[in-house]
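Residues per chain, in single letters:
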Amino acid sequence: LVEGAYIQEVVSGSPAEKAGLAPDDVITKIDGVKVSGTDEQSIVKVLLDKKIGQSVSVTYWRGGKENTVYVTLEAFK
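Cut-offs applied
Residues numbered from 1 in each chain as written. Predicted model: local features only at pLDDT ≥ 70, side-chain atom pairs only at ≥ 80, totals over all residues. Heavy atoms only, no water. Pairing = 2+ DSSP bridges. Helix = DSSP H or I, 4+ residues; strand = E, 2+ residues; numbered from the N terminus. Salt bridge = Lys/Arg side-chain N within 4 Å of Asp/Glu carboxyl O. Buried < 20%, exposed > 50% of the residue type's maximum accessible area, 1.4 Å probe, protein only. Core = buried A, V, L, I, M, F, W, Y, C linked by side-chain atoms within 4.5 Å. Contact = heavy atoms within 4.5 Å.

Caption draft 1: Representation of the pairing of strand β4 (residues 55-62) within the structure. Of the pairings in the sheet, the one linking strand β2 (residues 26-30) to β4 comprises four bridges and is antiparallel in character. In the strand pairing of β4, Lys29 is matched with Thr59. With eight bridges connecting them, β4 and strand β5 (residues 65-72) associate as antiparallel partners. Residue pairing in the sheet places Arg62 in a bridge with Lys65 of β5. The turn joining β4 and β5, which pair antiparallel and follow one another in sequence, is formed by two residues; a positive phi near 60° is taken by Gly63.

Caption draft 2: Local environment of the pattern of salt bridges. Across all of its chains, the model carries three salt bridges by this definition. In this structure, Glu74 engages Lys18 in a salt bridge whose closest nitrogen and oxygen atoms are separated by 2.9 Å. Taken as a pair, Glu74 in the segment after β5 and Lys18 in helix α1 (residues 15-19) lie far apart in primary sequence, 56 residues in all. Residue class for Glu74 comes out partly exposed when judged on its relative accessible area of 32%.

Caption draft 3: Just unusual backbone geometry, in detail. In the Ramachandran plot, Asp24 falls in the positive-phi region, its phi being about 85° despite a non-glycine side chain. For Asp24, the location among the structural elements is in the loop between α1 and β2. Positive phi outside glycine occurs at Asp31, with the angle close to 50°. Secondary-structure assignment places Asp31 in the loop between β2 and β3 (33-34). Residue class for Asp31 comes out partly exposed when judged on its relative accessible area of 32%.

Caption draft 4: Broad picture of the nonpolar core. Membership of the largest hydrophobic core comes to 16 residues, with the highest contact counts inside it found for Leu21, Ile27, Ile30, Val58, Val69 and Val71. Contributing elements (two or more residues each) for this core: β2, α2 (40-47), β4 and β5. Of all the elements, β4 adds the most residues to this core, at three residues. In contact with Val71, not counting residues within four places along its chain, are Pro15, Ala16, Ala19, Leu21, Gln54, Ser55, Val56 and Val58.

Caption draft 5: Fine view of the side chain of Thr28. Along the polypeptide, Thr28 turns up in strand β2. Sequence-distant contacts of Thr28, that is, excluding residues within four places in its chain, are made with Val2, Glu3, Val33, Lys34, Val35, Thr59, Tyr60, Trp61 and Glu66.

Structural data, given as structure tokens:
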């Protein structure tokens, strides 16, 4: 069992979709910081000191393999 934040849905056109994240992925780290817990609050805590336009690395599990992508942060629309 991989600990992290489970992605239930990816919004069309969102930074997550543009980076290739998909439903059922489990985010385990953002910029090398472990994401603990299973709710979005753990991700919000990690992103609090990041800025719009900044690129962050997102490490996640999919299909039994660890992957890393870069996500450019955008303002919530």
